[in-house]
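Letter by letter, the chains look like this.
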Amino acid sequence: MNGTPTIVNDVMSRRVVALREGAAFKDIVRTMQEWRVSALPVLDDDGRVVGVVSEADLLPKEEYSGAPGGRARGVPGADAVKADALTAAELMTSPAVTVVCGASLARAARIMAHRRIKRLPVVGPDGTLEGIVSRSDLLKVFLRDDTDIAGEVRREVVAGLFGTYADAVRVGVRDGVVTLTGRVPDTALTPLAVRLARAVPGVVDVHCSLTGPPRHPDLDPDLPDARRTAPA
């Protein structure tokens, strides 16, 4: 793969600021301001990620600060807890949404989209914090050179599917868009070729114009012969 990013470990940031469960409210706000982040992972004493504190977790304290009779009175359950919380353990959303180091970039992107979050703590097999991956980190793969993409599509997709007929397939790539043209012995494999090419890191889209072998009506009795069917 010539160093091409394919898994989270390839693109994640290894310099991470995190909180301990006992971190105080003001220290959390100060850390977010200093590091210019909107969320921070929370670790237990063994370095495992047990939760995440985001700006949304901090806002109820300000939102309900002027509520009569105390913040928690008349406030929805979850917000009441957040409004009176003083430490990271009380504020954090738990369990944390994380991704493992070896996960594909596509899986990380799906988690972010589904959970509507911008950053994911990256954990090792034992749940300890290894790094952070952001949306911008996942987009780095699209900076891959067109020549590298074309080479991988030819090696991993075309050669694998079409074998000795691979030379008849032309692979072009421009701005990450792959174009497949030529003749192949079995067009039933075309949808699979498109799907596999689209999965190659850095591919933006795939345009496919693969066709089957030329027809020879004289040699194939099942094919209609235009000369015989033409009206007299």
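What comes next concerns the included structure. Note that the structure is predicted; figures quoted are calculated from it, not measured. (Residues numbered from 1 in each chain as written. Predicted model: local features only at pLDDT ≥ 70, side-chain atom pairs only at ≥ 80, totals over all residues. Heavy atoms only, no water.)

Quick look at the overall build of the protein chain now. Each helix and strand counted, the protein chain has 10 helices and 9 strands in total. Sequence-distant contacts, at least 24 apart, represent 55% of the contacts inside the protein chain between residues at least 6 apart. Put simply, the protein chain shows about 13900 Å² of open surface, and 52% of that area lies on carbon and sulfur atoms. (Helix = DSSP H or I, 4+ residues; strand = E, 2+ residues; numbered from the N terminus. Contact = heavy atoms within 4.5 Å. Areas by Shrake-Rupley, 256 points an atom, 1.4 Å probe, with all protein chains shown as cover.)

All right, on to a nonpolar patch on the surface then. The grouping of L139, F142 and V204 at the surface amounts to a nonpolar patch, some 300 Å² of accessible area in total. Within the secondary structure, L139 sits in the loop between α7 (135-138) and α8 (146-162). Judged by relative accessible area, L139 falls into the exposed class, the value being 53%. (Patch = residues over 30% accessible without salt bridge, like charges linked within 9 Å, V, L, I, M, F, W, Y side chains within 5 Å. Salt bridge = Lys/Arg side-chain N within 4 Å of Asp/Glu carboxyl O. Buried < 20%, exposed > 50% of the residue type's maximum accessible area, 1.4 Å probe, protein only.)

Axis separation between helix α2 (residues 25-35) and helix α3 (residues 55-63) bottoms out at 11 Å; the angle between their running directions is 130°. Considered as vectors, α2 and α3 are oriented oblique to each other. For the pair α2 and α3, the crossing hand works out as left-handed. Of α3, the residues touching α2 (which contributes F25, I28, V29 and M32) are E55, L58 and K61. Its residues placed into classes, the contact of α2 with α3 shows 5 nonpolar, no polar and 2 charged. (Axes fitted to C-alpha atoms, helices over the stretch in contact; angles between N-to-C directions. Parallel < 35°, antiparallel > 145°, perpendicular 65-115°, else oblique. Left-handed = near helix turned anticlockwise from the far one by under 90°. Nonpolar A, V, L, I, M, F, W, Y, C, P; charged D, E, K, R; others polar.)

With that out of the way, let us pick up the pairing of strand β6 (residues 129-134). As judged from the 5 bridges shared by strand β5 (residues 119-123) and β6, these two strands associate in the antiparallel manner. Counterpart to P121 in the pairing with β6 is I132. (Pairing = 2+ DSSP bridges.)

Right, let's talk about the sheet that holds strand β9 (residues 205-211) for a bit. Taking strand neighbours across the sheet as the criterion, the 3 strands line up as β7-β8-β9 in an open arrangement whose pairing is mixed. Edge positions in the sheet fall to β7 (169-174) and β9, since each has one partner strand and no second. Neighbour to neighbour, the strand axes of the sheet diverge by 10° on average, direction disregarded. Bridging between β7 and strand β8 (residues 177-183) involves 6 bridges; their strand directions are antiparallel. Pairing of V171 across the sheet is with L180, part of β8. The strands touched by α8 within the sheet are β7, β8 and β9, with β7 carrying the most contacts at an inclination of about 150°.

All right, on to the side chain of T190 then. Checked against the element boundaries, T190 lands in helix α9 (residues 190-198). Dropping the residues within four chain positions of it, T190 is found in contact with V184, C208 and L210.

In this section: the pattern of salt bridges. Scanning the model with the defined rule gives 7 salt bridges in all. Among the ionic pairs, R144 bridges to E152, the shortest N-O distance being 2.7 Å. Accessibility expressed as a relative area gives 5% for E152, which makes it buried. Salt bridges here are not isolated pairs; linked through shared partners, they connect D44, D46 and R48.

A few words now on the nonpolar core. Grouped together as the largest cluster of nonpolar side chains are 20 residues, with contacts concentrated most on V153, V158, F162, V171, V178, L180 and V206. Those elements that place two or more of their residues in this core are α8, β7, β8, α9 and β9. In terms of residue count, α8 provides more of this core than any other element does, 6 residues in total. Sequence-distant contacts of V178, that is, excluding residues within four places in its chain, are made with I149, V153, V171, G172, V173, V203, D205, V206 and H207. (Core = buried A, V, L, I, M, F, W, Y, C linked by side-chain atoms within 4.5 Å.)

Turning our eyes to something else, we now look at α9. Taken as a whole, α9 has its buried residues at T190, A193, V194 and A197. When α9 is viewed along its axis, its buried side chains cluster within an angular range of 100° and face the same direction. On its buried side, α9 packs onto α8, β8 and β9. (Arc of directions from axis to C-beta.)

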